[in-house]
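Letter by letter, the chains look like this.
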Amino acid sequence: MSSAAPRPADQDHLWSVDEHLEDILATVRPLEPIELQLLDAQGCVLVEDVTVPVSLPPFDNSSMDGYAVRVADVAGASEEFPAVLDVVGDVAAGQAELLHVGPGQAARIMTGAPLPPGAETVVPVEWTDGGLGEGPVSGMRARSLAPEGAEGHVHVYRSAEARAHVRAQGSDVRAGDRALDAGTVLGPPQIALLAAIGRGTVRVRPRPRVVVMSTGSELVQPDESLGTGQIYDSNSFALTAAARDAGAIAYRVGAVADDAETLRSTIEDQLVRADLVVTTGGVSVGAYDVVKEALSSVADEDEPGSGVDFRKLAMQPGKPQGFGTIGPDHTPLLALPGNPVSSYVSFELFVRPAIRTLMGLDDVHRPRTRAILTAKKALTSPKGRRQFLRGAYADGSVAPVGGAGSHLVAALAQADALIVVPEDVESVEPGAEVEVVLLG
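About the thresholds
Residue numbers run consecutively from 1 along every chain, following the written order of its sequence. Owing to the predicted nature of the model, reporting of local features is limited to residues with pLDDT of at least 70; listing and counting of side-chain atom pairs is limited to 80 or more, with chain, interface and lining totals taken over all residues. Just so you know, side-chain values use all the structure's heavy atoms and leave hydrogens and water out. Buried residues are those whose accessible area, probed at 1.4 Å on protein chains only, stays under 20% of the maximum for their type, while exposed residues exceed 50% and partly exposed ones sit between those limits. In this text, helices come from DSSP runs of H or I with a minimum length of four residues, and strands from runs of E with a minimum of two, each type numbered from the N-terminal end. The arc in question is formed by the directions pointing from the helix axis toward the C-beta atoms. Being paired, for any two strands, means DSSP has found at least two bridges between them. For this analysis, residues touch if any pair of their heavy atoms sits within 4.5 Å. Here the axes come from fitting lines to C-alpha atoms, over the contacting stretch only for helices, and the angles between their N-to-C directions go from 0 to 180 degrees. Angle categories: roughly parallel below 35 degrees, roughly antiparallel above 145, roughly perpendicular from 65 to 115, and oblique for all the rest. What makes a crossing left-handed is the near helix being turned counterclockwise from the far one by less than a right angle; a clockwise turn instead makes it right-handed. All amino acids are sorted into three groups, where Ala, Val, Leu, Ile, Met, Phe, Trp, Tyr, Cys and Pro are nonpolar, Asp, Glu, Lys and Arg are charged, and the leftover types, Gly among them, are polar.

Peer 1: Quick question: what am I supposed to make of helix α1 (residues 17–27) here?
Peer 2: Three or four residues apart is the spacing at which side chains of an α-helix point the same way, because the helix has 3.6 residues per turn. What α1 keeps buried is the set V17, H20, L21, D23, I24 and T27. Summarising the axial view, the buried residues of α1 lie within an arc of 155°, below the 170-degree limit, and thus occupy one face.

Peer 1: Help me out: how do you make sense of the sheet that holds strand β17 (residues 249–256) in this one?
Peer 2: Paired through their backbone hydrogen bonds, the strands of a sheet run either parallel or antiparallel. Read across the open sheet, the seven strands follow the order β1-β19-β21-β22-β18-β14-β17; overall the sheet is mixed. One side of each edge strand has no neighbouring strand; the edge strands of this open sheet are β1 (14–15) and β17. Two elements, strand β18 (residues 276–280) and strand β22 (residues 331–336), share four bridges in a ladder whose sense is parallel. Paired with V278 across the strands is L334, a residue of β22. Strands in contact with helix α4 (residues 235–246) are β14 (209–215), β17, β18 and β22; relative to β17, the strand with the most contacts, it is inclined by about 170°.

Peer 1: What is the right way to look at the packing of α4 against helix α7 (residues 340–358) in this model?
Peer 2: Axes are the key here: two packed helices are described by the angle between their axes and the distance separating the axes. The N-to-C vectors of α4 and α7 enclose an angle of 30°; their axes lie 10 Å apart at closest approach. Put simply, α4 runs roughly parallel to α7. In the packing of α4 onto α7, the handedness of the crossing is right-handed. Each of N235, L239, A242, A243, D245 and A246 in α4 lies in contact with α7, whose residues at this interface are P340, S343, Y344, F347, R352, I355 and R356. Residue composition of the contact of α4 with α7, grouped by class: eight nonpolar, two polar and three charged.

Peer 1: What should I look at first to understand the sheet that holds strand β9 (residues 121–124) in this one?
Peer 2: Pairing in this open sheet of five strands is mixed, and the strands run β9-β6-β8-β7-β10 from one edge to the other. Edge positions in the open sheet fall to β9 and β10 (152–156), since each of these has one partner strand only. The average angle at which neighbouring strand axes cross in this sheet is 45°, direction not considered. Pairing analysis gives five bridges linking strand β7 (residues 83–91) to β10, with the strands arranged antiparallel. Each residue of the ladder has a partner; that of V87, found in β10, is G152.

Structure, rendered in structure tokens:
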């Protein structure tokens with residue numbers, strides 16, 4: 001899944017956002033294609049063109065409940081002078097043996113049923129007396145309640161042009177047409193088309209399996225009681241949800257305490273179900289930042305270049321980051337900061353593109369646009385860092401939400417965009433045009 005190795009560590013190098021992302025995307029490779037059943041392939045990317053083996057519809061069929069007739073037999077029909085035709089029987093959807101409609105005859109036909117030989121058009125039942133002789137009707141009576149409706153006579157009160165209310169064979173797609181192109185993401189409409197043309201399986205790149213874990217002895221699971229100095233673990237929930245939103249099959253692992261050996265063994269245990277591992281917390285310079293301790297020295301001696309490199313990025317929030325490959329399959333691992341906003345912004349910038357790359361998508365990034373800043377005062381940004389501020393975007397303008405603190409989860413919940421302040425800009429005045437990353 002990763003044929004290239006991350007760049008070697010350089011502790012003195014301050015990485016730019018673009019350099020770090022470039023290194024990730026140069027390392028991560030799309031997953032190998034597999035054959036999946038249709039419903040299992042939902043959300044996956046096709047790796048081959050799909051050609052239509054049978055036309056849709058495969059035969060001429062009725063788009064209405066009514067009567068299959070010859071055009072000449074209903075020409076000039078009106079309520080005052082109806083055409084009176086002999087009913088030769090029913091044609092139902094799925095019926096194998098078809099009736100023949102001759103001159104002066106009609107066959108009662110159901111929606112989706114094949115147009116019988118001899119018939120040239122279909123008149124809706126509402127244009128007839130339904131065989132009851134009591135003027136126009138609003139619908140057919142159930143065959144089980146009125147079997148005599150399939151015989152006798154029917155009065156037709158309106159004429160019909162040739163092939164009216166007839167779905168022509170191949171009017172949707174024809175045999176030999178291309179149904180779907182390689183690179184298509186399979187959603188419900190695409191799966192419906194594949195089923196309609198008889199495909200029970202399809203060759204796709206599978207959805208990547210992403211394992212997400214938080215680190216920190218202070219973390220407590222929701223619904224449990226908080227002790228002194230403890231907080232609830234929100235990062236693993238946020239990032240697992242974000243991974244699923246990106247198209248992955250995501251597994252959340254309970255928070256791991258600040259113990260390097262426990263973290264290392266937990267990660268190793270999870271590799272069996274991971275195409276990508278994401279950790280949050282423990283990547284800074286503190287004495288208890290165990291992710292760095294656990295993974296800095298991890299490498300496969302037989303495969304030079306494996307292991308995790310911990311870096312400082314010229315960005316805010318999210319300065320400390322880690323990236324590398326681990327385990328016998330060189331599974332990519334992204335280590336994100338522990339502050340909630342830092343971890344989420346880092347996910348959007350680095351993890352989401354990695355997931356989309358594993359899926360085999362061409363466009364792996366969130367859409368970006370330009371917007372007018374609406375704010376009460378100028379935005380400030382540290383020189384030399386690219387800042388990503390939470391924002392609310394609407395109608396070509398964007399307003400900051402909350403402050404710049406990387407712990408402000410409530411503000412994050414109100415944001416649907418990131419306001420980008422470049423490295424060389426220290427202040428942005430209200431009314432200025434800014435770049436915006438759209439999150440929704």
